[in-house]
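Summary of the model geometry
Listed below, chain by chain, are the residues.
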Amino acid sequence: MGQSVFLGMSGGVDSSVSALLLQQAGYDVSGVNLRLFHNEDLGECREKTCCSLADAEDARAVTARLGIPFYVFDFSQVFRSTVIADFISEYEAGRTPNPCAECNRSVKFGALLERALALHGEFLATGHYARVERDETTGRWLLKRGMDRSKDQSYFLYMLTQDQLSRTLFPLGALHKTEVREIAEQNGLVNAKKRDSQDICFAPDGDYVSFIQRTTGHSSPTGDFVDQEGKLLGQHKGFVRYTRGQHKGLGLSIEPPLYVLDKDPATGTIRLGPDSALWTRMLTAENMNWISVPAITKPLRVTAKTRYSQQESAATAEALEGGGLRLTFDVPQRAVTPGQAVVLYDGETVVGGGTIVQ
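Residues numbered from 1 in each chain as written. Predicted model: local features only at pLDDT ≥ 70, side-chain atom pairs only at ≥ 80, totals over all residues. Heavy atoms only, no water.

A look at the sheet that holds strand β11 (residues 269-273)
- Strand order in the open sheet formed by four strands is β9-β8-β11-β10, and the pairing between neighbours is mixed. Each having just a single partner strand, β9 (232-236) and β10 (259-264) make up the two edges of the open sheet. Neighbour to neighbour, the strand axes of the sheet diverge by 30° on average, direction disregarded.
- As defined by bridge partners, β10 adjoins β11 across five bridges and the pair is classed as antiparallel. Of the residues in β11, the one forming a bridge with K263 is I270. (Pairing = 2+ DSSP bridges. Helix = DSSP H or I, 4+ residues; strand = E, 2+ residues; numbered from the N terminus. Axes fitted to C-alpha atoms, helices over the stretch in contact; angles between N-to-C directions.)

Notes on the confidence of the model for the chain
- Overall, the prediction assigns the chain a mean pLDDT of 93, with 95% of residues at 70 or greater.
- Every residue in residues 44-49 scores below 50 in pLDDT, and together they form 18 contacts with partners more than four places removed in sequence or on other chains. (pLDDT = per-residue confidence, 0-100. Contact = heavy atoms within 4.5 Å.)

With respect to the environment of A314
- Within the secondary structure, A314 is located in strand β14 (residues 313-319).
- In the structure, A314 is positioned twelve residues away from V302 in sequence and 5.9 Å away in space, judged by C-alpha atoms.
- Apart from the residues within four sequence positions on either side, A314 is in contact with R301, V302, T303, F329 and D330.

A closer look at the nonpolar core
- Residues F79 and F202 are the most contacted members of the largest nonpolar core, which totals 45 residues.
- Tallying contributions element by element places helix α4 (residues 99-118) first for this core, with eight residues.
- Core analysis: the second largest hydrophobic core is formed by 26 residues, V5, V29, I68 and L169 among them. (Core = buried A, V, L, I, M, F, W, Y, C linked by side-chain atoms within 4.5 Å. Buried < 20%, exposed > 50% of the residue type's maximum accessible area, 1.4 Å probe, protein only.)

Quick notes on the pattern of salt bridges
- Scanning the model with the defined rule gives 19 salt bridges in all.
- Of the charged contacts in the structure, one is a salt bridge between E102 and R105, with a shortest N-O distance of 3.2 Å. Residue E102 and its partner R105 are located together in helix α4, separated by three residues, close to a single helical turn.
- E102 sits in the buried class, given a relative accessible area of 14%.
- The exposure class assigned to R105 is partly exposed, which follows from its relative accessible area of 33%.
- The salt bridge partner of K151 is D196, with a shortest N-O separation of 3.1 Å. (Salt bridge = Lys/Arg side-chain N within 4 Å of Asp/Glu carboxyl O.)

Written as structure tokens, this is what we have:
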């Protein structure tokens, strides 16, 4: 009997191929589908999200074909009290949250890993495109980019601790997406050609404002649009509807074009200005998690990015009192947004990351 691993299975091709590869590598694999919310409670039909009944059945079909156990864990209460609660509170506080990162922190590598260990599992595996390696010199576990740069998901995994990394497997880390689909087709997996899920799972139509209103039972307060000098420009339609750098949907006919610069939750005011005002070389971050190093004690040269889809840029990282971070980019960056993650790299390796404050 091989080492025991619990694999998170969404019903997509990535986690399905992960199950096959782990089985071929000799692991004792159990597939787990997570029930993160009840769609009808959120006002969504079951077919629209990555947590639908159809997705669970796809995952079940793959485990049946491979002859491995299949479980469904209902983590809806954990998901609601962490991911959804954080999502709403961050938007209401004027920040733009990162729900995928919070889900990895609290649910997949939090509650699911704890459950797997309680059931005598030795590892947790997922279909993320990333790699875990051990640095034999320092003894630290390293998080590295997936070999397929177009699918690399290390940005969303920056919060993994040394203990979590030591118990984590990413079977797809060395593969490209085209290879994964080829493996699925060659082995007759039902979801070989299934499209990837791109949206926030609990707001699959992209209408996160309606989701917040349904969940909280109230509409976001309206307020003033003002310019950089505080001059009234008009009224906005709800505080949570806007994020830094946004231009579309402002409802103002003003030239030259204006963009959201920042938001004041105390007054409900949203400040607008030109694109040139969105560029900055410096940011601060908190809630840092260091991976390749235990901490930084002197300025460190890195590359960094402040959004998943962004190309990283060269920067200097410096520690702040209290565990925070000051990051100074070599060249200005556009629309660095409070609430989003900043992730630092040294080549292929994630140095660490945290939550942008300003």
